[in-house]
Amino acid sequence: MSKKHILNCLPYYLSVIIILVFFGISYIPSHSTSDILLLLAEAIVTGVLEELIFRGLIQGKIEKKLSERKKIYSIFIAAFIFGVVHMSNMFQMDYTFGKAFFQSFNALMIGLLYGSIYFKDKKLIHVMILHSVYDFAAFMSDPSNITVLQIDILDILLYVIALLVFLKVFFDITGYIKNKTKTINIVYWILSSILLIGIILYFIIL
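My aim in this report is to walk through the structure given alongside it, one point at a time.

Rules used in this analysis
- Residues numbered from 1 in each chain as written.
- Predicted model: local features only at pLDDT ≥ 70, side-chain atom pairs only at ≥ 80, totals over all residues.
- Heavy atoms only, no water.
- Helix = DSSP H or I, 4+ residues; strand = E, 2+ residues; numbered from the N terminus.
- Buried < 20%, exposed > 50% of the residue type's maximum accessible area, 1.4 Å probe, protein only.
- Areas by Shrake-Rupley, 256 points an atom, 1.4 Å probe, with all protein chains shown as cover.
- Salt bridge = Lys/Arg side-chain N within 4 Å of Asp/Glu carboxyl O.
- Axes fitted to C-alpha atoms, helices over the stretch in contact; angles between N-to-C directions.
- Parallel < 35°, antiparallel > 145°, perpendicular 65-115°, else oblique.
- Left-handed = near helix turned anticlockwise from the far one by under 90°.
- Contact = heavy atoms within 4.5 Å.
- Core = buried A, V, L, I, M, F, W, Y, C linked by side-chain atoms within 4.5 Å.

## Observations concerning the overall build of the chain
The helix and strand inventory of the chain stands at seven helices and zero strands. Secondary structure elements of the chain, listed N to C terminal, follow the sequence α-α-α-α-α-α-α. By the burial criterion, 43% of the 206 residues in the chain qualify as buried. By element, 71% of the accessible surface of the chain is carried by carbon and sulfur atoms, the whole surface being about 11,500 Å².

Structure follows, in structure tokens:
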């Protein structure tokens, strides 16, 4: 992964790290080491397998079948499938439609981000690590009672950051708006900084 690519994705990395730190402070003292290791193992297995299937196999196969100009669409198709598959969670006994829809929308947003990263560098290990760390942060937060009506400001901030980073990487990949690169970079970092500060304030205030 190039330094430029890492820099573009930095706001997302930082948002996940911030969440891990704050949730870790409240979670770790009240739970056993075995519980934490179990969550970590689950996050790693989920991250590795899902990225292997949805980015490595599905997105990779779709990309190969598309013409050079249309290869970029593989990101959207794989992310959409990733989101739809997560709706199957609604058939689990402890899942409501609202919770399944939340996870499906979340998977779509994150899928766009991971798909654009994989499209750029073709390194599955990078998205596997990102996915595993994100899932671990999500498991640590214990979102067991989330429904559509309970999506709070933290979820919104994460979605916006994921979408913002995706758009930045997408513009770099496609070369769109090349003549306004400097302006885009300035706006990108201002918005990213505001969102990261918002996440920190969320934990401090709430």
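There's more to say after this.
## Structural notes on the pattern of salt bridges
In this structure the tally under the stated criterion is two salt bridges. K122 is the partner of E63 in a salt bridge, and the nearest nitrogen-oxygen pair spans 3.1 Å. Here the residue E63 occupies a position in helix α2 (residues 33–65), and K122 occupies one in the loop between α4 (97–121) and α5 (124–141), the gap between them amounting to 59 residues. Taking the relative accessible area as the measure of exposure, K122 reaches 39% and is therefore partly exposed.

## Quick look at the packing of α2 against helix α3 (residues 73–86)
Put simply, α2 and α3 touch, their axes get as near as 9 Å, and they point 140° apart. The angle between the axes of α2 and α3 places the two elements in the oblique class. Of the two possible hands of crossing, α2 and α3 adopt the one that is right-handed. On α3, the residues touching E50, F54, R55, I58, Q59, I62 and E63 of α2 are S74, I75, I77, A78, I81, F82, V85 and H86.

## Quick word on the environment of P11
Relative to the helices and strands, P11 resides in helix α1 (residues 3–27). For the pair P11 and S193, spaced 182 residues apart in sequence, the C-alpha to C-alpha distance is 7.7 Å. Apart from residues lying up to four places away in sequence, P11 is in contact with I161, V165, Y188, W189, S192 and L196.

## A closer look at the nonpolar core
Counting residues in hydrophobic clusters, the biggest one holds 37 residues, and the most contacted among them are Y12, I19, Y114, V165 and I199. Core analysis: the next-biggest nonpolar cluster, separate from the first, contains seven residues, A79, L112, F119 and F170 among them.

## Comments concerning the side chain of S74
Mapped onto the elements, S74 comes out in helix α3. Take S74: its relative accessible area is 0%, and that puts it in the buried class. Dropping the residues within four chain positions of it, S74 is found in contact with Q59, I62, E63, L66 and F119.

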